[in-house]
Amino acid sequence: MNSTGNPVEGAVELFFGWLDYSFFVLMLLLSTFIGIYFGFWGKKSDTPMEYLLGGKSMATLPVAVSLVASDISGISIMGDPAEAYTYGTLYWFRTAFYPLVMAVNYYLYLPVYYDLQLTSIFEYLQLRFNRSVRVMASVLCTVASILYIPIVIYVPALALSEVTGLDIYIITPVISVVCIFYTMLGGIKAVVWTDFLQAIVMMMASIVVIILGLVHVGGFGTVWQRSLEGGRIKFFEMNPSPFERLTFWIVLIGGTSQSITYISVGQGMVQRFLSLPTFKETLKAHVILAVGFMLIKSISSFMGLTIFATYYGCDPLKTKAIARSDQLIPYYLMDIASSVPGLPGLFVAGIFSAALSTMSTVLNSVAATLFEDFVRPCLSDKTSDKTSSNIIKLLVVIIGTFCVVLVMIVEKIGGVVQLNVSLSGVTNGATLGLFTFGMFYPRGNSKGALVGSIVSLLVMGWLVFGTQKAFADGTMSYPKLPTSTAACGFNDTLTEILTTDVPKEEPFILYRISFMYYTTVGFIIMFVVAMVVSHFTEPPNIEEMNPKLFSPVIRKRVLMKRRKCALKVIEENDSLFAPPAE
């Protein structure tokens, strides 16, 4: 391919060589070795605390890198470049608000979990409200997580299948078994250290591919200039309408609420913070996490701009070289990087590293949730720590096996992808609302929490699935930024036009709300309904409540309320024994 975007004939027909396979297999072997090491030699004891929280003795740097790697799945590595290529840089702009998200988590949410020393964050809901609220929240989040894993594995498996020619039915079980094995054997320590390894591989591969792309296209200046001319550089789109796909305000409000949900009320993320020995160490982890998020998201999005600059005059989607934007990365990889021996293998290993880190995180956190919320209450007090650890390991194997089966379903009926996205939009707002309601509204009770979350789920279920149906039947569509085929070597009368179909009819107005507002809308519904119900029902007895159940900014109010109640009781008791007035 030349710098104007003319594809090199036969480039994308190249497959992996022996060096590519070597890099890929080496990554899998190293991940397996880490699991074996921590399963047999790298642990202090065989207890649930050791397995799920690393004995609370984990080092800050690997935990922080693990937090970064867990968020950057294979979907991100392949999806973020496609987003920048198709719609521009507005989605990337959410990284500018990551420091705000980290500050909110560090000062408002994390102190509650750390002070209470919880293994499952859903245990908080039982302490604050009752077991019914805890069970409902843990079931919802467990289902959402289990449906997320197959998508995480399927996307990179599809990429590997395209560049190797291997059957996806072979790739998926083999890769999944490796991940299940080291997660089951080594627990949180294996997850953290494999995440650390995989994050390094992912970063190296991405940076090398970007450098190669910059050299090929003519440097950073060319990428920036072509991206400007193509309308891809978008940041301060200040339209306040919630019906646009993305604007500055949608990214700020919607993107921030999504990030807070993942960081502050996500079992996998909180579990890693709790594995650190002191709360002070979590501050360092937050700083590294914010920098890591911004760096990797920036690399992924810039890769999308580099791909756009490379195919500036010959869009592979319009030429039917690929069928959808998700295939841009493997197409670009084999077209540009195949001339460097081993680089495609390193990059695909990076994509799979991201997928494995996410899968291992979810497996470990879901096993922790199921054990703490459903299995432990059924065990006797005499159950040994070793037996409990073995039960958790069995849960990892069962969950992982079930997810492998689901991957096969995804491969056959792609609708599960939409189901996963929809389910995330349905549950995130209610989940964030439940924890925020408990930590920040002392007057709130269990009835308000239950009713609010149920109403939020019902409304968001109707909204999200209705929107997905509108997209499926063509009633709704988002306009894509223009692309060109002027340099492809053949006439194209469709050059520089919007690539979406004309909508059949005007969709229902609420279906047009930006997808990034789903968490925010669900959160508002849950919180408002919960407040109203709590106001008209019996309030909790604040005198009997543990102040640690509330965010630090609310604890002073709770303590003052308790102090006033105590003084009032003392005054009433004193009046009973006071001498009668003469």
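Predicted model, so just to flag it, every value in this text is computed and none were measured. (Residues numbered from 1 in each chain as written. Predicted model: local features only at pLDDT ≥ 70, side-chain atom pairs only at ≥ 80, totals over all residues. Heavy atoms only, no water.)

Points about the overall build of the protein
Now for step 1: Of regular secondary structure, the protein possesses 19 helices and zero strands.
Now for step 2: Buried residues in the protein amount to 55% of all 582 residues.
Now for step 3: In the protein, 85% of the contacts between residues at least 6 apart in sequence involve partners at least 24 apart.
Now for step 4: By element, 67% of the accessible surface of the protein is carried by carbon and sulfur atoms, the whole surface being about 24,400 Å². (Helix = DSSP H or I, 4+ residues; strand = E, 2+ residues; numbered from the N terminus. Buried < 20%, exposed > 50% of the residue type's maximum accessible area, 1.4 Å probe, protein only. Contact = heavy atoms within 4.5 Å. Areas by Shrake-Rupley, 256 points an atom, 1.4 Å probe, with all protein chains shown as cover.)

Some points on empty space enclosed by the protein
Now for step 1: Inspection of the entire model under this criterion finds two cavities of 30 Å³ or more.
Now for step 2: Estimates place the volume of the second largest cavity at around 30 Å³.
Now for step 3: If you trace the second largest cavity, you find it lined by Ile-77, Met-202, Met-203, Ser-206, Ile-296, Ile-299 and Ser-300.
Now for step 4: Of all elements in the fold, only helix 8 (168-217) and helix 12 (279-310) reach the threshold of two or more residues within the lining of the second largest cavity.
Now for step 5: Considering only residue class, the lining of the second largest cavity consists of five nonpolar, two polar and no charged. (1 Å grid on protein atoms, 1.4 Å probe; cavity = no way out; pocket = protein on both sides within 12 Å on 5 of 7 lines; lining within 4 Å. Points joined across faces, edges and corners; volume = space filled by probe spheres on them. Nonpolar A, V, L, I, M, F, W, Y, C, P; charged D, E, K, R; others polar.)

Some thoughts on the pattern of salt bridges
Now for step 1: Counted by the stated rule, this structure contains five salt bridges.
Now for step 2: A salt bridge links Asp-80 to Lys-297; its shortest N-O distance comes to 3.1 Å. Here the residue Asp-80 occupies a position in helix 4 (residues 74-87), and Lys-297 occupies one in helix 12, the gap between them amounting to 217 residues.
Now for step 3: Lys-297 sits in the buried class, given a relative accessible area of 8%. (Salt bridge = Lys/Arg side-chain N within 4 Å of Asp/Glu carboxyl O.)

Focus: the environment of Leu-457
Now for step 1: Looking at the secondary structure, you find Leu-457 in helix 17 (residues 446-472).
Now for step 2: With relative accessibility at 16%, the residue Leu-457 sits in the buried group.
Now for step 3: Sequence separation between Leu-457 and Thr-431 is 26 residues, and the spatial gap between their C-alpha atoms is 9.5 Å.
Now for step 4: Not counting residues within four places of it along the chain, the set of residues in contact with Leu-457 comprises Leu-140, Val-426, Thr-427 and Ala-430.

Description of the side chain of Ser-456
Now for step 1: Residue placement: Ser-456 occurs in helix 17.
Now for step 2: Discounting chain neighbours no more than four positions away, the residues touching Ser-456 are Gly-429, Ala-430, Gly-522, Ile-525 and Met-526.

Regarding the packing of aromatic side chains
Now for step 1: On inspection of all chains with the given rule, the structure shows 28 aromatic pairs.
Now for step 2: Between Tyr-124 and Phe-435, the aromatic rings sit 6.0 Å apart at their centres with planes inclined by 20 degrees, giving stacked as the arrangement. Of this pair, Tyr-124 sits in helix 6 (residues 123-128) while Phe-435 sits in helix 16 (residues 415-440), and the two are 311 residues apart along the sequence.
Now for step 3: What makes Tyr-124 buried here is its relative accessible area of 0%.
Now for step 4: Consider the rings of Phe-220 and Phe-302, whose centres lie 5.6 Å apart with planes at 20 degrees: the pair is stacked. With Phe-220 in helix 9 (residues 220-229) and Phe-302 in helix 12, this pair connects stretches of sequence that are 82 residues apart. (Phe/Tyr/Trp six-rings, centres within 6.5 Å; stacked < 30°, edge-to-face > 60°.)

Notes on helix 18 (residues 518-535)
Now for step 1: With 18 residues, helix 18 ought to run about 26 Å at 1.5 Å a step, and its terminal C-alpha atoms sit 26 Å apart, in line with that.
Now for step 2: Along helix 18, the positions that sit buried rather than exposed are Tyr-518, Thr-519, Thr-520, Gly-522, Ile-525, Met-526, Phe-527, Ala-530, Val-533 and Ser-534. (Expected span 1.5 Å × (residues − 1).)

Considering a nonpolar patch on the surface
Now for step 1: On the surface, Val-459, Trp-462, Phe-508, Ile-509 and Leu-510 cluster together into a nonpolar patch covering about 420 Å² of accessible area.
Now for step 2: Tracing the chain through its elements places Trp-462 in helix 17. (Patch = residues over 30% accessible without salt bridge, like charges linked within 9 Å, V, L, I, M, F, W, Y side chains within 5 Å.)

Some words on the packing of helix 5 (residues 98-116) against helix 11 (residues 267-274)
Now for step 1: Put simply, helix 5 and helix 11 touch, their axes get as near as 11 Å, and they point 75 degrees apart. Between helix 5 and helix 11, the angle is such that the two are roughly perpendicular. Contact with helix 5, carried on its side by Asn-105, Leu-110, Tyr-113 and Tyr-114, involves Val-270, Phe-273 and Leu-274 of helix 11 and no other residues of that element.
Now for step 2: Class assignment for the residues of the contact of helix 5 with helix 11 results in six nonpolar, one polar and no charged. (Axes fitted to C-alpha atoms, helices over the stretch in contact; angles between N-to-C directions. Parallel < 35°, antiparallel > 145°, perpendicular 65-115°, else oblique.)

Some remarks on the environment of Pro-156
Now for step 1: Inspection of the secondary structure assignment puts Pro-156 in helix 7 (residues 131-164).
Now for step 2: Accessibility expressed as a relative area gives 1% for Pro-156, which makes it buried.
Now for step 3: As for Pro-156 and Ala-355, which are separated by 199 residues in sequence, their C-alpha atoms are 7.1 Å apart.

A look at the environment of Gly-213
Now for step 1: Assignment of secondary structure puts Gly-213 in helix 8.
Now for step 2: On a C-alpha basis, the gap between Gly-213 and Ile-307 in space is 7.7 Å, while along the polypeptide they are 94 residues apart.
Now for step 3: Once residues within four sequence positions are removed from consideration, Gly-213 is found in contact with Thr-306 and Tyr-332.

Here's the deal with the confidence of the model for the protein
Now for step 1: Residues at a pLDDT of 70 or more form 80% of the protein, whose mean pLDDT is 77.
Now for step 2: Of all helices and strands in the protein, the one with the weakest mean pLDDT is helix 2 (residues 48-53) (54), whereas helix 18 scores best (94).
Now for step 3: Scored below 50 in pLDDT, residues 1-14 shows 37 contacts in the model against residues more than four places distant or in partner chains.
Now for step 4: Low pLDDT, under 50, characterises residues 491-503; the predicted model gives this stretch 29 contacts beyond four residues in sequence or across chains. (pLDDT = per-residue confidence, 0-100.)

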